[in-house]
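Survey of secondary and tertiary structure
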Amino acid sequence: MATNSQADQDSKNAHIQMVFQIRELYGRTTYPHKVHEKTADLYHKRLHTMKIVQIVLSALTTGSFLLAIFGDGKAGVIIGATLSTFLLGLNLYLKDYDLGELSQKHIVVASRLWNIRESYLSLLTDLTTEEIPIDECRKKRDDIQTQLSSIYDNAPRTTEKAYKMAQQSLKIDEEMTFSCEEINMLLPEALRISSDQIN
């Protein structure tokens, strides 16, 4: 009888340790997911700004050369040459650093990390309802880890600014959490529950 009791206790401890580990892995995946989303946003915003600067510089360059032709020739040429040099530098930068492609790479990584994060969440749900044997849980965890490793092997580097933005989003703005009322608003009436039913 004592042996069965010890085996039950060992099984319960293993179960608790697995819950803690999956919670930790969920958290470790949530942050990179959000950081890659924020990095993609930063690159997209930078590309948009640079495209506007390109348009403005092109217009000003054209205007200064028109000034050279129809007005003050020397000033127009100097202004036009200066603006043209800035425009060339910007074009070369955008040629070497395809910000649109970088943004897209981060979007792909974020999407793949979202799937991993949701897999951990599903596994955690199964664990807390004790619907899954511990050995099956270990196998699923290891499979997810293999997928995650493959994602990180091919992921582009993120930025410190994106990390700080992700921290703000997750810790303060609570972007990844919903109140019971918020979830109810997204569901059909037949699937809504009150917070009393959860507790």
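Residues numbered from 1 in each chain as written. Predicted model: local features only at pLDDT ≥ 70, side-chain atom pairs only at ≥ 80, totals over all residues. Heavy atoms only, no water.

Of the regular secondary structure elements, the protein chain holds seven helices and zero strands. Counting helices and strands in the order they occur from the N terminus, the protein chain gives α-α-α-α-α-α-α. With 199 residues in all, the protein chain has 27% of them scored as buried. The contacts of the protein chain with a sequence gap of at least 6 include a subset with a gap of at least 24, amounting to 77%. When the accessible surface of the protein chain is totalled, it reaches about 13,600 Å², and 57% of it is carbon and sulfur. (Helix = DSSP H or I, 4+ residues; strand = E, 2+ residues; numbered from the N terminus. Buried < 20%, exposed > 50% of the residue type's maximum accessible area, 1.4 Å probe, protein only. Contact = heavy atoms within 4.5 Å. Areas by Shrake-Rupley, 256 points an atom, 1.4 Å probe, with all protein chains shown as cover.)

Time to look at the pattern of salt bridges. Evaluated as defined, the whole model comprises nine salt bridges. Across the salt bridge formed by Arg117 and Glu118, the nearest N and O atoms sit 2.7 Å from each other. According to the relative accessible area criterion, Arg117 is buried, its value standing at 4%. (Salt bridge = Lys/Arg side-chain N within 4 Å of Asp/Glu carboxyl O.)

Now for the packing of helix H3 (residues 99–128) against helix H4 (residues 134–153). The relative placement of two packed helices comes down to the angle between their axes together with the axis-to-axis distance. Orientation of H3 relative to H4, taken along the N-to-C sense of each, is 170°, at an axis distance of 10 Å. As summarised for this structure, H3 and H4 are arranged roughly antiparallel, according to the angle between their axes. Considering the relative orientation of H3 and H4, their crossing is left-handed. Contact with H3, carried on its side by Val109, Arg112, Leu113, Ile116, Ser119, Tyr120, Leu123, Asp126 and Leu127, involves Cys137, Lys140, Arg141, Ile144, Gln145, Gln147, Leu148, Ser150, Ile151 and Tyr152 of H4 and no other residues of that element. Class assignment for the residues of the contact of H3 with H4 results in 11 nonpolar, four polar and four charged. (Axes fitted to C-alpha atoms, helices over the stretch in contact; angles between N-to-C directions. Parallel < 35°, antiparallel > 145°, perpendicular 65-115°, else oblique. Left-handed = near helix turned anticlockwise from the far one by under 90°. Nonpolar A, V, L, I, M, F, W, Y, C, P; charged D, E, K, R; others polar.)

Another point: the nonpolar core. Within the largest apolar cluster, 16 residues are counted, with the highest numbers of intra-cluster contacts made by Ile22, Ile116, Tyr120, Leu123, Leu127 and Cys137. Contributions of two or more residues to this core are made by helix H1 (2–70), H3 and H4. Counting residues in hydrophobic clusters, the runner-up holds eight residues, among them Leu57, Leu83, Leu87 and Leu99. (Core = buried A, V, L, I, M, F, W, Y, C linked by side-chain atoms within 4.5 Å.)

Along its 30 residues, H3 runs 43 Å from first to last C-alpha, staying within 8% of the 44 Å computed at 1.5 Å per residue. Listed as buried for H3 are Leu99, Ser103, His106, Val109, Ala110, Leu113, Ile116, Arg117, Tyr120, Leu123, Leu124 and Leu127. The N-terminus of H3 is capped by Asp98, whose side-chain oxygen sits 3.2 Å from the backbone nitrogen of Gly100. Immediately beyond the C-terminal end of H3, within one or two residues, lies Glu130, with a positive phi of roughly 55°. (Expected span 1.5 Å × (residues − 1). Polar contact = N/O pair within 3.5 Å; in protein donor to acceptor, adjacent residues only side chain to side chain.)

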